[in-house]
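# Summary of structural features
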Amino acid sequence: MPTESGSCSTARQAKQKRKSHSLSIRRTNSSEQERTGLPREMLEGQDSKLPSSVRSTLLELFGQIEREFENLYIENLELRREIETLNERLTAEGQAIDGAELSKGQLKTKASHSTSQLSQKLKTTYKASTSKIVSSFKTTTSRAVCQLVKEYIGHRDGIWDVSVARTQPVVLGTASADHTALLWSIETGRCLVKYTGHVGSASGDQTAHIWRYAVQLPTPQPVADTSQICGEDEVECSDKDEPDVDGDVSSDCPTIRVPLTSLKSHQGVVIAADWLVGGQQVVTASWDRAANLYDVQTAELVHSLTGHDQELTHCCTHPTQRLVVTSSRDTTFRLWDFRDPSIHSVNVFQGHTDTVTSAVFTVGDNVVSGSDDRTVKVWDLKNMRSPIATIRTDSAINRINVCVGQKIIALPHDNRQVRLFDMSGVRLARLPRSSRQGHRRMVCCSAWSEDHPVCNLFTCGFDRQAIGWNINIPALLQEK
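Because the structure is a prediction, the values reported are computed rather than measured.

With respect to the helices, strands and loops of the structure, Asp330 is situated in the loop between strand E15 (323-328) and strand E16 (333-340). For Asp330, which is buried and forms no salt bridge, the nearest opposite charge comes from Arg334, at a distance of 5.1 Å. Polar side-chain contacts of Asp330 include one of 2.7 Å to the side chain of Thr332. Non-local contacts of Asp330, meaning those with residues more than four positions away in its chain, are made with His308, Asp309 and Gln310.

Here we take up the packing of aromatic side chains. Overall, the coordinates contain six aromatic pairs when judged by the stated rule. Judged by centre distance (5.3 Å) and plane angle (90°), the ring pair of Trp160 and Phe462 falls under edge-to-face. Pair noted here: Trp160 is in strand E2 (residues 159-164) and Phe462 is in the loop between strand E27 (457-461) and strand E28 (465-472), with a separation of 302 residues, a long-range link. Taking the relative accessible area as the measure of exposure, Phe462 reaches 28% and is therefore partly exposed.

Let's shift gears to the sheet that holds strand E17 (residues 343-349). Here four strands make up an open sheet; going across it, the order is E14-E15-E16-E17 and the pairing antiparallel. Where the open sheet ends on each side, the last strands, each with one partner, are strand E14 (312-317) and E17. Adjacent strand axes in the sheet meet at a mean angle of 20°, parallel and antiparallel pairs treated alike. Note: E15 against E16, five bridges, orientation antiparallel. Its bridge partner being in E16, Leu323 is matched across the sheet by Asp337.

Turning our eyes to something else, we now look at the environment of Gln206. Locating Gln206 in the fold gives a position in the loop between strand E5 (191-195) and strand E6 (208-210). Judged by relative accessible area, which is 33%, Gln206 ranks as partly exposed. Measuring from C-alpha to C-alpha, the distance between Gln206 and Lys264 comes to 7.2 Å, with 58 residues separating the pair along the chain. Not counting residues within four places of it along the chain, the set of residues in contact with Gln206 comprises Leu263, His266, Gln267, Gly268, Val269 and Val270.

Spatially, four strands are ordered E22-E23-E24-E25 in an open sheet, and the strand pairing comes out antiparallel. This sheet does not close on itself; its edge strands, each paired only once, are strand E22 (401-403) and strand E25 (427-430). Between one strand axis and the next, the sheet turns by 25° as a mean value, whatever way the strands run.

Time to look at the pattern of salt bridges. A complete count under the given rule lists seven salt bridges for this structure. Between Arg399 and Asp161 there is a salt bridge; the shortest N-O distance is 3.1 Å. Of the two residues, Arg399 sits in the loop between strand E21 (389-392) and E22 while Asp161 sits in strand E2, which places them 238 residues apart along the sequence. Its relative accessible area of 11% is what places Arg399 among the buried residues. Relative accessible area serves as the criterion here: at 27%, Asp161 is assigned to the partly exposed category.

Now for unusual backbone geometry. For the bond from Gln168 to Pro169, the omega torsion is -5°, close enough to zero to count as cis. Despite not being glycine, Ala299 has its phi angle at roughly 65°, a positive value. Structurally, Ala299 is set in the loop between strand E12 (291-295) and strand E13 (301-305). Not every positive phi belongs to a glycine, and Arg464 is a case in point at roughly 70°. When you line up the elements, Arg464 lands in the loop between E27 and E28. Among the residues examined, Arg464 registers a relative accessible area of 15% and is labelled buried.

So, about the environment of Pro218. Following the sequence through the fold, Pro218 ends up in the loop between E6 and strand E7 (227-229). Each C-alpha atom, one on Pro218 and one on Ser185, is 7.3 Å from the other, the two residues being 33 residues apart in sequence. When sequence neighbours within four positions are dropped, the list of residues in contact with Pro218 reads Ser185, Thr188, Arg190 and Leu192.

We now examine the side chain of Thr326. As for its placement among the helices and strands, Thr326 is situated in strand E15. With a relative accessible area of 0%, Thr326 lands in the buried category. Here His308 takes part through its side chain, which lies 2.9 Å from a polar atom of the side chain of Thr326.

Counting 25 residues, the largest nonpolar core has Phe333, Phe361, Val368, Val376, Ile400, Ile409 and Leu411 as its most contacted members. It is strand E18 (residues 356-361) that contributes the most residues to this core, four residues altogether. Every residue in contact with Phe361, bar those within four places of it in the chain, is listed here: Cys316, Thr317, His318, Pro319, Leu323, Val324, Val325, Leu335, Asn366, Val367 and Leu381. Ranked by size, the runner-up nonpolar core spans 19 residues in total, among them Val149, Val164, Trp184 and Cys445.

This part takes up a nonpolar patch on the surface. On the surface, Leu50, Val54, Leu58 and Phe62 cluster together into a nonpolar patch covering about 330 Å² of accessible area. By the secondary structure assignment, Phe62 is in helix H2 (residues 52-92).

Counting buried residues in E16 gives six out of eight residues, a clear majority hidden from the surface. Count of turn residues in the E15/E16 antiparallel hairpin: four residues, of which Thr331 carries a positive phi of about 75°. Pairing analysis gives six bridges linking E16 to E17, with the strands arranged antiparallel. Pairing of Arg334 across the sheet is with Val348, part of E17.

Along the chain, Thr362 turns up in the loop between E18 and strand E19 (366-371). Taking the relative accessible area as the measure of exposure, Thr362 reaches 4% and is therefore buried. C-alpha separation for the pair Thr362 and Gly405, spaced 43 residues apart in sequence, amounts to 9.5 Å. The contacts of Thr362, once residues within four sequence positions are left out, are Val367, Val368, Val402 and Met423.

Right, let's talk about the confidence of the model for the chain for a bit. For the chain, the average pLDDT comes to 78, and 71% of its residues sit at 70 or higher. Predicted confidence for residues 223-229 stays below pLDDT 50, and this span has 17 contacts to residues more than four positions away or in other chains. Scored below 50 in pLDDT, residues 231-243 shows 30 contacts in the model against residues more than four places distant or in partner chains.

Cut-off values and rules
- Residues numbered from 1 in each chain as written.
- Predicted model: local features only at pLDDT ≥ 70, side-chain atom pairs only at ≥ 80, totals over all residues.
- Heavy atoms only, no water.
- Helix = DSSP H or I, 4+ residues; strand = E, 2+ residues; numbered from the N terminus.
- Buried < 20%, exposed > 50% of the residue type's maximum accessible area, 1.4 Å probe, protein only.
- Lys, Arg positive; Asp, Glu negative; His and termini not counted.
- Salt bridge = Lys/Arg side-chain N within 4 Å of Asp/Glu carboxyl O.
- Polar contact = N/O pair within 3.5 Å; in protein donor to acceptor, adjacent residues only side chain to side chain.
- Contact = heavy atoms within 4.5 Å.
- Phe/Tyr/Trp six-rings, centres within 6.5 Å; stacked < 30°, edge-to-face > 60°.
- Pairing = 2+ DSSP bridges.
- Axes fitted to C-alpha atoms, helices over the stretch in contact; angles between N-to-C directions.
- Core = buried A, V, L, I, M, F, W, Y, C linked by side-chain atoms within 4.5 Å.
- Patch = residues over 30% accessible without salt bridge, like charges linked within 9 Å, V, L, I, M, F, W, Y side chains within 5 Å.
- Areas by Shrake-Rupley, 256 points an atom, 1.4 Å probe, with all protein chains shown as cover.
- pLDDT = per-residue confidence, 0-100.

In structure tokens:
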């Protein structure tokens, strides 16, 4: 009579055990659904003083929490089953693995290692799921009012950068891949001057240009009311909804073709530039992995700031001190100190896991950095070992900007969204975006203007337009 071998018998027992365990999981889930459904129906039937909309929102949120924990529970059971199956297989094959005999100690070590890997997977899954739940509650009880005020249309290619003049008259500046830079009247949306001195995309010709123009602002016109309350349920739109923004700049717009000063020391694309306090020096960042400090009057190179391992992505200067921060694709940003003429110190900060797209100074001794790793981190210059706040998002982050007065961070994303957070990492709002307003492609940059009475935030993107917004944050949020 034929008999079963030991390994076949063990495998059959393991299969029966898995089948029984699977049935147990299904029965458990079914009974739990019956138990969890009853209280929800009872809650919906009870009298409450809460408004119906608030109750519906709460019930929906608690339903999401219930589903998340149910999924965690099921995955926990599945992982435990995998651990048991692995242990059974190791026990059955313990006499012939890799053609060698394993002692009980070696077998226990191998099983322990595999169990540890699965345990780590369970911890990671649990952490990710609970983080999703916590982030859904990390919102403010008040809603910011975000009003689209003006669209600035005239570039023929994507806009890389947007900036606002720090002195009077307050005008808007944009730099584009169409080889031009434009100055705009914030109130009317009219182009004031067009600069065509570059022969590459923005500063793709490896140079930085300084040019001057006497601005005469036109008479402001009444602004149409396009106010809209910011929310997280804005209508999405696709690229096919993008309007035709190939409109040309008005023919009466003056054109400047020759720079006042040309700074020529880089061996790669100049990706950013900023003025040092006092206006006598300017710093530029390039894809040649260096940042250069120039004297404005002589156009001479004063310092070449080297040390980054990959291309630079941004540079920023402190508003009141001789400090420069540079960011790079090497996942770091560096702080350069020129306050002491005899000593030029540098500090390297490694807090991200992907390209640092920008790092900017803010109020006091804080630096805010954004990255392609989908995080924004707030740092204290007095203790840069770890961030004092971390903001986690669902998309890569481009050039951030901070409103110093209200302490609000604007986050432009690859996914066409622009979100607002406070310095502690609490989400305040998301700019409205639909088929009628907002950006239709990746948002590259943002800039605050705290002195302008109407527009206080500007954004630009690959849809070839810049947009001016009026952001009204409730007083409750400003006091937080």
